[in-house]
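# Coordinate inspection notes
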Amino acid sequence: MKALKFGGTSMATVDSIAKVKQIILADKERRFVVVSAPGKAAGEIKVTDALIAVCAADGAARIKAFAPIKTRFMRLCDGLGLGEGLLDPDFAEIERVLPQAEHDYIVSRGEYLCAKLLSAYIGFAFVDAADMIKFRDGVYDDGYTETLCRLALEKRPNAVVPGFYGSNADGRVVAFSRGGSDISGAIVARAVNASIYENFTDVDGFMTCDPRIVPHATVIDVLTYKELRELAYMGANVLHPDSIFPVRKANIPINIKNTFNPDLDGTKIVPTDKFLSGEYARAKKSPIAAIAGRKGFCALYIDKSMMNLEIGFMRKVLSCFERLGIPVEHIPSGIDSFTVVFSGDWQDHANELLNSIRSEVKPDHMHIANDVALIAIVGHGMKSRPGTAARAISRLSNANINLRMIDQGASEMNIILGVSDEDYDRALVALNGEFEI
């Protein structure tokens with residue numbers, strides 16, 4: 001049995017939805033389907049973006065703002081031969097509550113309507129995510145959700161479920177973060193004990209590097225859960241990073257596939273222990289699975305003589321970050337110095353942060369650089385191949401790129417390199433050339 005999720009691009013047009021139907025019905029094992037709201041199409045914006053704009057309107061003006069979304073769904077229904085009036089009862093209910101509706105309810109209606117449409121088009125049952133994906137005071141409740149999902153789906157031959165949302169105990173809709181339909185799909189896959197979770201999108205799979213910067217990047221055939229987490233953190237956003245947690249508990253592999261090129265194998269994301277035991281293997285034998293990165297970080301450099309003898313020094317510094325609510329990304333360190341890397345979203349708090357740290361630990365010197373890019377070299381094979389870091393540093397040096405920091409995780413499956421934002425693209429190209437992934 002397979003669980004599937006189709007992204008917004010897959011559900012954006014009459015032609016793409018027809019492809020979705022063809023994919024589902026081509027394999028009798030494809031029985032449980034999760035969908036996103038229709039994405040961007042010619043002359044159309046993403047439905048979720050349009051619904052966010054509805055939220056910004058007041059009262060009855062929301063119904064007017066909702067009208068183009070309603071029209072789009074009516075055209076989809078008509079184009080698929082379902083009739084423009086298929087969703088009329090749902091439109092009526094949405095418009096009834098829209099003037100007073102909460103944000104999460106409004107932004108979730110794209111997925112709700114899309115699932116209703118697809119269930120009618122392919123002849124599968126519709127099951128509302130609000131009835132089985134549960135939150136407690138806005139926080140996702142995994143245990144309760146797992147039980148409810150199993151009860152709701154175990155005796156059904158098939159179902160279409162809207163992604164992206166669930167509900168609180170009082171029935172109010174609660175949405176995941178953007179891209180949360182990936183999480184919904186993983187929850188459903190676990191609930192039905194799927195053999196695989198097929199996540200259909202508009203790309204062929206995870207790439208070895210950003211193809212916009214490295215044109216000869218290729219599709220990775222196999223990734224582990226842990227490798228995915230590292231790459232997703234660094235901006236490889238084909239899949240929501242939190243979506244692996246439900247399926248990881250059940251050892252269910254994920255297969256990233258392209259709706260518009262469904263015969264390709266795509267990328268399989270597999271249990272880490274099964275990969276390390278040899279059950280899965282990559283076609284390429286490089287120790288590196290992929291290289292990914294992000295710009296826009298800040299780095300706080302702190303120096304103080306004899307810092308290593310001052311008990312609690314680092315704790316006091318980190319407490320300043322905590323008081324300001326600034327999350328810390330990395331902390332490479334030396335004997336008399338260390339660096340704290342944090343998101344550039346917090347650079348407006350730099351002066352307040354520096355003043356707080358001066359008061360706490362009286363450093364000899366410190367400054368913040370706000371143009372730092374981080375690059376992650378990721379792959380389980382590095383653990384058994386000495387010299388990966390040395391090769392990376394040498395390659396950057398030969399390309400005349402200044403290395404601003406280096407940090408290696410305890411798992412020995414990732415190396416984080418810091419360069420300036422302006423050197424980021426050149427660094428990706430240089431590293432990709434060195435490791436030939």
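Quantities reported herein were computed from a predicted structural model and do not represent experimental measurements.

Analysis parameters
Residues numbered from 1 in each chain as written. Predicted model: local features only at pLDDT ≥ 70, side-chain atom pairs only at ≥ 80, totals over all residues. Heavy atoms only, no water. Pairing = 2+ DSSP bridges. Helix = DSSP H or I, 4+ residues; strand = E, 2+ residues; numbered from the N terminus. Axes fitted to C-alpha atoms, helices over the stretch in contact; angles between N-to-C directions. Core = buried A, V, L, I, M, F, W, Y, C linked by side-chain atoms within 4.5 Å. Buried < 20%, exposed > 50% of the residue type's maximum accessible area, 1.4 Å probe, protein only. Contact = heavy atoms within 4.5 Å. 1 Å grid on protein atoms, 1.4 Å probe; cavity = no way out; pocket = protein on both sides within 12 Å on 5 of 7 lines; lining within 4 Å. Points joined across faces, edges and corners; volume = space filled by probe spheres on them. Nonpolar A, V, L, I, M, F, W, Y, C, P; charged D, E, K, R; others polar. Salt bridge = Lys/Arg side-chain N within 4 Å of Asp/Glu carboxyl O.

Moving on: the sheet that holds strand S11 (residues 267-270). The pairing of strands in a sheet happens through backbone hydrogen bonds and is either parallel or antiparallel. Taking strand neighbours across the sheet as the criterion, the 7 strands line up as S5-S2-S1-S8-S10-S11-S9 in an open arrangement whose pairing is mixed. Both outer strands of the open sheet, strand S5 (159-162) and strand S9 (222-224), are each paired with one neighbouring strand and no more. Neighbour to neighbour, the strand axes of the sheet diverge by 20 degrees on average, direction disregarded. Relative to strand S8 (residues 196-201), strand S1 (residues 2-6) runs parallel, the two being bridged by 5 bridges.

What follows deals with the nonpolar core. Within the largest apolar cluster, 100 residues are counted, with the highest numbers of intra-cluster contacts made by Phe-73 and Leu-118. Per-element accounting of this core gives the leading share, 11 residues, to helix H5 (residues 103-122). Cys-209, Ile-375, Leu-431 and Phe-435 belong to the second largest nonpolar core, which has 22 residues in total.

Here we take up the sheet that holds strand S15 (residues 365-378). What the 6 strands build is an open sheet, ordered S13-S14-S12-S15-S17-S16; its pairing is antiparallel. Across the chains shown, the open sheet's two edge strands, defined by having one partner strand only, are strand S13 (328-330) and strand S16 (405-408). Taken over all neighbouring pairs, the strand axes of this sheet differ in orientation by 40 degrees on average, direction set aside. In this sheet, strand S17 (residues 414-420) lies alongside S15 in antiparallel orientation, the contact comprising 7 bridges.

This part covers the side chain of Ser-108. Its place among the elements puts Ser-108 in helix H5. Judged by its relative accessible area of 0%, Ser-108 falls in the buried class. Once you skip the residues sitting within four places of it in the chain, Ser-108 turns out to touch Phe-164, Tyr-165 and Val-173.

Glancing now at the environment of Cys-149. Take Cys-149: it is sitting in helix H6 (residues 142-153). Cys-149 gets classed as buried once you look at its relative accessible area, which sits at 0%. Along the sequence, Cys-149 and Lys-134 sit 15 residues apart, while their C-alpha atoms lie 9.6 Å from each other. Non-local contacts of Cys-149, meaning those with residues more than four positions away in its chain, are made with Met-132, Ile-133, Ile-187 and Ala-191.

With that settled, consider the side chain of Ser-119. Among the structural elements, Ser-119 can be located in helix H5. Those residues in contact with Ser-119 that lie beyond four places of it in its chain are Phe-124, Ala-125, Phe-126 and Val-160.

As a further point, take the layout of surface pockets. The space that makes up the largest pocket amounts to roughly 1200 Å³. If you trace the largest pocket, you find 48 residues lining it, with Thr-201, Asp-202, Asn-237, Val-238 and Leu-239 closest to the centre. Listed by contribution, the elements that provide at least two residues to the lining of the largest pocket are helix H2 (47-56), helix H7 (181-191), S8, helix H8 (225-233) and strand S12 (290-303). For the lining of the largest pocket, the element with the most residues is S12, which contributes 4 residues. Looking at the lining of the largest pocket residue by residue, the classes come out as 21 nonpolar, 18 polar and 9 charged. Approximately 170 Å³ is the volume found for the second largest pocket. Lining the second largest pocket we find 12 residues, and of these Phe-275, Lys-284, Lys-285, Ser-286 and Gly-381 sit closest to its centre. For the lining of the second largest pocket, the residue count by class is 4 nonpolar, 4 polar and 4 charged.

All chains considered together, the criterion is met by 24 salt bridges. One salt bridge in this structure joins Arg-150 and Glu-146, with 3.1 Å as the shortest N-O distance. Residue Arg-150 and its partner Glu-146 are located together in helix H6, separated by 4 residues, close to a single helical turn. For Arg-150, a relative accessible area of 31% corresponds to the partly exposed category.

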